[in-house]
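Spelled out from the first residue to the last, the chains are:
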Amino acid sequence: MGKENQVSDMQIDGSDHANPKFSINVLQLLKTAQMQHGLRHGDYTRYRRYCTARLRRLYKSLKFTHGRGKYTRRSITESTVTEVRFLHMILYTAERAWSHAMEKRQLPDGPNARQRIHLIGRLRKAVKWATLFSQLCAIKGDSKTSLEAEVGFLIMVFMLLFISIGLLWQWKRNAYASYMKGTLLFEQDQNWDTTLKLFKSSRAVYEELGKYGDLENQVLCRERVEELEPSIRYCLHKIGASNSLTPELLHMEGPALDLFRAKLEAVMAEARSQQAASMTEFYWLGHRFPISNAKTRVSILKAQDLEKDLHGPAADSLPAEKKLAIFDKIFTAYHEARSSIRNDLVTAGSAGNMKDDLNGLDKAVSAVLGERTIERNQLLIRIAKSKLTKQEKNEKATKPEELVRLYDLLLQNVADLSDLVSSGRDRKPEEVSFSEECALKSLAFRAERCFYLAKSYSSAGKRTEAYALYGRARSLADDALQKLQASSDKDQTLIKDLKMLYNDCRSNSCIEHAMVLMEEEKAPENLSQKIASISLTGAHKKVETYLMEKLEVYESAVGESNVKSVPRIEVFPPAFQTISRNPIVLDIAYNFVDFPSLENRMKKDKKGFISRLWR
C-alpha cells in the first residue's frame, strides 16, 4: 500500500511553480492496486473495501475531512489540487463506485430490478468522478496523463481490469474517462453507436501509448487493446454490422472482461434457445432419438458448442488448463440434459413408445459423456507425461505410479462405455464397429499401463520384474498394432504412439538386462566386502556426530537434497541431566510444643431457664 505514495510513481514538473504539473503512471498504479487487492481472483468486494480504506487514509493525511459530527461537503476544484494525492482521491472514488457496480453485477442469481437500478446509479457515479478526474488532469497533469485519464474514463465504463489510473501521461486521462462512459452505456443496453465510438477511441489512444515508454508500459497498453477488442466486436454485433461474435470469447480471462462475459453468455443463451426450436432429434451411432423437452435441447446445444472449441482449428493453441475448464462445462451441460431426461421419464407414465425414446436418448447422452470423460483423462495423461520428462522449477515431477493410476481409470472408462454400447438388443453396424474400437483402445491402454508399471518396478530396483513387464508391454503393443493395421478405420495417431511404445519397451528391456548383468558381475565383489566387514563383536556402528560437535569441520548436518536423511543438528529430545535439588525442611518440634489454654477467652453460651429444663 505504501508503494503507491512513492515519489518514483509520480513526478512534478518544477518549471512552473505557480501551476505545477503532476504526472502519474495510470495503468501501472491501478494494475498494481487491482492485482494485489482482489481483482486477480475477481473479488470486487475486497477491492471496493480497499478503495474505501485508501480514501480514508488520503482524507486524513490531507486533512480534507468533511466536518466532525455534522457532515459538511467539501468539493475538489482546481484551486484545491495542490498535490498529486488530491487526484488520487478522485481516482479511488471512481474506482470504488465502479467496483461496487461490478460487485452487484456478480450476484449469484444476477441483479434484480432494484439492484440493477442501484448498479446503474453506481456506474453513473463512477462516470461523474472519472469526468472530474479527466478535467482536473487536463489542467493539473501533463499531456500523457490527460490523455490516459480520458481513455480510462471511456474504458472504465465497460471493463476495468488493467485500468490502473494514474497520471504518468496526460493522454491517459482521456482514455480513462472514455472507458467509464462506454461502460455505463454498455450496461444500459442503449446507444451502441456511441459506445462503439468510445471504445474505438480508447483503443486508438492505447495503441499510440503502446509505442512509447518503457517495456512494461507497452505491455500494459497492448493488454488493454486486446481486452477492448471483444467489446468492440459485441457492439458491432448489436448494431448489425458484424456476425463475428464467437463462443471463443467466453474463454478470455481478466477482471475487465467480467461485464462483457455476462452479456455474451446472455446472447449465446438466447441464440441456443432459438436453435433449440429447430432441433428435434439427437443422432448417435445410426440412431435418431426425438427431443421434446426444450431444456434438454438447450443443454445439448450448449455442450455441442463447447465441443467445437475443443475440436476446432484453434484447439491446438488452447492451454491445457483452459481445455480442462471447457471439459468441466461440457460435463455440467450433459448432466443437466440427463437430469431433464430422467425427469421426463418420471412424468411419462405408461406411454411405452415415449419411455423407449427417452431411455434411448439417456443412453446416447451417457455414451457421449463417457467419450468426453475418456478424452479428458487422455489430456490428463499427456500433462502427466510432459511433467515426467520435462521438470520445471517449483513443479512436482510425475511418478510412474501416478500414470499407472490414470491408465487404470482410463481402462475402467473404456470398459463402462463398451458395456453401455453393447447393452442393446438390436445392435446396428455403427455400434458393432464402435465396440471393436473400444476393444482396440483398451488393448493399447493396457500396453501403456504395463510400460509405466515396469518403470515403477525399475525405479524401485526390481530388475527382474521390470524386465518381464517390459516384455509383456511390448507383446501387447505388437498385438494392438497388428489389429489396428488390419482394421478398416486406422487411427494414425494411435498407431504412431504404439510404434513409439514398442521401441521404448525394446530399449528399456535391453537396459534392464544390462543392469542385471552388471549387478551380477559386482555381486562377488560386494559379497567379499561384506564378509570382510564381519566382526565377532557385532556390527560396527558409525558414531553419530552432531553440528555442535564438529564446528571446525565443513560438513553438512542436514544432508544432501536428493537423499532422505534425518538432520543431525542437535540431539532431540535432550538427555536428562542431574541437578542439585532444594533442601527439605522438616518441622519435627511441632508435636512437642505445649500451647497455653484459651478457655477463659472463649465465648460462653448463656442459657435461659427453659433451656435448662430440657438439658
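Note that the coordinates shown come from a computational prediction; the quantities given were computed from them, not determined experimentally.

Reading the values: rules and limits
Residues numbered from 1 in each chain as written. Predicted model: local features only at pLDDT ≥ 70, side-chain atom pairs only at ≥ 80, totals over all residues. Heavy atoms only, no water. Helix = DSSP H or I, 4+ residues; strand = E, 2+ residues; numbered from the N terminus. Buried < 20%, exposed > 50% of the residue type's maximum accessible area, 1.4 Å probe, protein only. Contact = heavy atoms within 4.5 Å. Salt bridge = Lys/Arg side-chain N within 4 Å of Asp/Glu carboxyl O. Axes fitted to C-alpha atoms, helices over the stretch in contact; angles between N-to-C directions. Parallel < 35°, antiparallel > 145°, perpendicular 65-115°, else oblique. Nonpolar A, V, L, I, M, F, W, Y, C, P; charged D, E, K, R; others polar. Expected span 1.5 Å × (residues − 1). Arc of directions from axis to C-beta. Polar contact = N/O pair within 3.5 Å; in protein donor to acceptor, adjacent residues only side chain to side chain. Left-handed = near helix turned anticlockwise from the far one by under 90°. Core = buried A, V, L, I, M, F, W, Y, C linked by side-chain atoms within 4.5 Å. Pairing = 2+ DSSP bridges. Phe/Tyr/Trp six-rings, centres within 6.5 Å; stacked < 30°, edge-to-face > 60°. Patch = residues over 30% accessible without salt bridge, like charges linked within 9 Å, V, L, I, M, F, W, Y side chains within 5 Å. Areas by Shrake-Rupley, 256 points an atom, 1.4 Å probe, with all protein chains shown as cover. pLDDT = per-residue confidence, 0-100.

**Notes on the overall build of the protein**
- Scanning the protein for helices and strands turns up 17 helices and four strands.
- In the protein, which comprises 615 residues, the share counted as buried stands at 41%.
- Contacts in the protein between residues far apart in sequence, at least 24 positions, make up 68% of those at least 6 positions apart.

**Some points on the pattern of salt bridges**
- Counting across every chain of the model gives 14 salt bridges.
- Of the charged contacts in the structure, one is a salt bridge between Asp408 and Arg449, with a shortest N-O distance of 2.4 Å. Of this pair, Asp408 sits in helix H13 (residues 400-421) while Arg449 sits in helix H14 (residues 429-459), and the two are 41 residues apart along the sequence.
- Taking the shortest distance from any N to any O, the salt bridge between Glu437 and Lys441 comes out at 3.7 Å. With Glu437 and Lys441 both in helix H14 and four residues apart, this pair spans about one turn of that helix.
- Taking relative accessible area as the criterion, Lys441 reaches 26% and is therefore assigned partly exposed.
- If you follow the salt bridges from partner to partner, you end up with Glu307, Arg372 and Glu375 in one network.

**Regarding the packing of helix H1 (residues 26-36) against helix H2 (residues 44-62)**
- The interhelical angle for the contact between H1 and H2, taken along N-to-C directions, is 120°, at an axis separation of 9 Å. Here H2 runs oblique to H1, going by the angle between their axes. When H1 is examined against H2, the residues Leu30, Ala33, Gln34 and Gln36 are found in contact with a partner set consisting of Arg46, Tyr47 and Tyr50.
- Looking at the contact of H1 with H2 residue by residue, the class counts come to four nonpolar, two polar and one charged.

**A look at unusual backbone geometry**
- A cis amide bond links Phe572 to the next residue, Pro573, at an omega of -5°.
- One non-glycine residue, Lys63, adopts positive backbone phi at about 55°.
- With respect to the helices, strands and loops of the structure, Lys63 is situated in the loop between H2 and helix H3 (84-105).
- On the basis of relative accessible area, Lys63 is assigned to the exposed category, the value being 70%.

**Describing H2**
- Over its 19 residues, H2 runs 27 Å from end to end, which matches the ideal 27 Å to within 8%, given 1.5 Å per residue.
- Restricting attention to buried positions, one finds in H2 the residues Tyr44, Tyr47, Arg48, Tyr50, Cys51, Arg54, Leu55, Leu58 and Leu62. End-on, the buried residues of H2 take up no more than an arc of 160°, which puts them together on one face. Residues of H2 that are exposed and point over 90 degrees away from its buried face: Arg49 and Lys60.
- The residue sitting at the N-terminus of H2 and contributing the capping side-chain oxygen is Asp43; that oxygen lies 3.4 Å from the backbone nitrogen of Thr45.

**A few points about the packing of helix H10 (residues 294-311) against helix H11 (residues 320-347)**
- Two numbers describe how H10 lies on H11: the axes approach to 8 Å, and their chain directions differ by 160°. Put simply, H10 runs roughly antiparallel to H11. Considering only the axes of H10 and H11, their crossing is left-handed. Across the interface between the two elements, Lys295, Thr296, Ser299, Ile300, Lys302, Ala303, Gln304, Leu306, Glu307, Asp309 and Leu310 from H10 touch Lys323, Ile326, Phe327, Lys329, Ile330, Ala333, Tyr334, Glu336, Ala337, Ser340, Ile341 and Asp344 from H11.
- Residues that form the contact of H10 with H11 fall into these classes: eleven nonpolar, four polar and eight charged.

**Some points on the nonpolar core**
- Phe282, Trp284 and Leu498 are the most contacted members of the largest nonpolar core, which totals 66 residues.
- Contact partners of Leu498, with chain neighbours within four places excluded, come to Ala444, Ala477, Ala480, Leu481 and Leu484.
- Listed in part, the 37 residues of the second largest apolar core include Ala33, Leu91, Ala97 and Met102.

**Here we look at H14**
- In a regular helix each residue adds 1.5 Å, so 31 residues correspond to 45 Å; H14 covers 46 Å between its end C-alpha atoms and thus fits that length.
- Looking one or two places after H14, you find Gly461, whose phi comes out positive at around 85°.

**Some remarks on the pairing of strand S3 (residues 281-284)**
- Burial of S3 is one-sided: the residues Phe282 and Trp284 facing one way are buried, the residues Glu281 and Tyr283 facing the other way are not.
- Sheet topology places S3 next to strand S4 (residues 287-290); four bridges connect them, and they run antiparallel. Bridged to Trp284 within S4 is His287.
- Joining the antiparallel neighbours S3 and S4 is a turn of two residues, in which Leu285 adopts a positive phi near 50°.

**Details of the environment of Glu281**
- Inspection of the secondary structure puts Glu281 in strand S3.
- Its relative accessible area of 30% is what places Glu281 among the partly exposed residues.
- Leaving out residues up to four positions away in the same chain, Glu281 has contacts with Arg288, Phe289, Pro290 and Ile291.
- At a separation of 3.2 Å, a polar atom in the side chain of Glu281 contacts the side chain of Tyr283.

**Some details on the packing of aromatic side chains**
- By the definition in use, this model includes ten aromatic pairs.
- A centroid spacing of 5.5 Å and a plane angle of 75° characterise the contact between Tyr44 and Trp98, whose relative ring orientation is edge-to-face. One end of the pair, Tyr44, is in helix H2; the other, Trp98, is in helix H3, and 54 residues separate them in sequence.
- Residue classification places Trp98 among the buried positions, given a relative accessible area of 0%.

**So, the environment of Glu78**
- If you trace the backbone, Glu78 turns up in the loop between H2 and H3.
- Separated by 57 residues in sequence, Glu78 and Gln135 place their C-alpha atoms 9.2 Å apart.
- The residues touching Glu78, leaving out its near neighbours within four places in the chain, are Leu136, Ile139 and Lys140.

**Here's the deal with a nonpolar patch on the surface**
- A contiguous nonpolar patch, built from Leu547, Met548, Leu551, Val558 and Ile569 and spanning about 470 Å² of accessible area, is present on the exposed surface.
- For Met548, the position within the fold is in the loop between helix H16 (492-532) and helix H17 (609-613).

**Remarks on the side chain of Thr93**
- Tracing the backbone through its elements, the reader meets Thr93 in helix H3.
- Of the residues examined, Thr93 reaches a relative accessible area of 6% and is grouped as buried.
- In this structure the side chain of Thr93 is engaged in a polar contact, spanning 2.6 Å, whose partner is the backbone oxygen of Met89.
- The contact partners of Thr93, leaving out residues within four places of it in the chain, are Leu55 and Trp129.

**Describing the confidence of the model for the protein**
- Overall, the prediction assigns the protein a mean pLDDT of 76, with 73% of residues at 70 or greater.
- In this model, residues 1-17 is a region of pLDDT below 50 whose contacts with residues beyond four sequence positions or in other chains number 30 contacts.
- Across residues 157-171 the pLDDT falls below 50, and counting only partners more than four positions away or on other chains, this stretch makes 144 contacts in the model.

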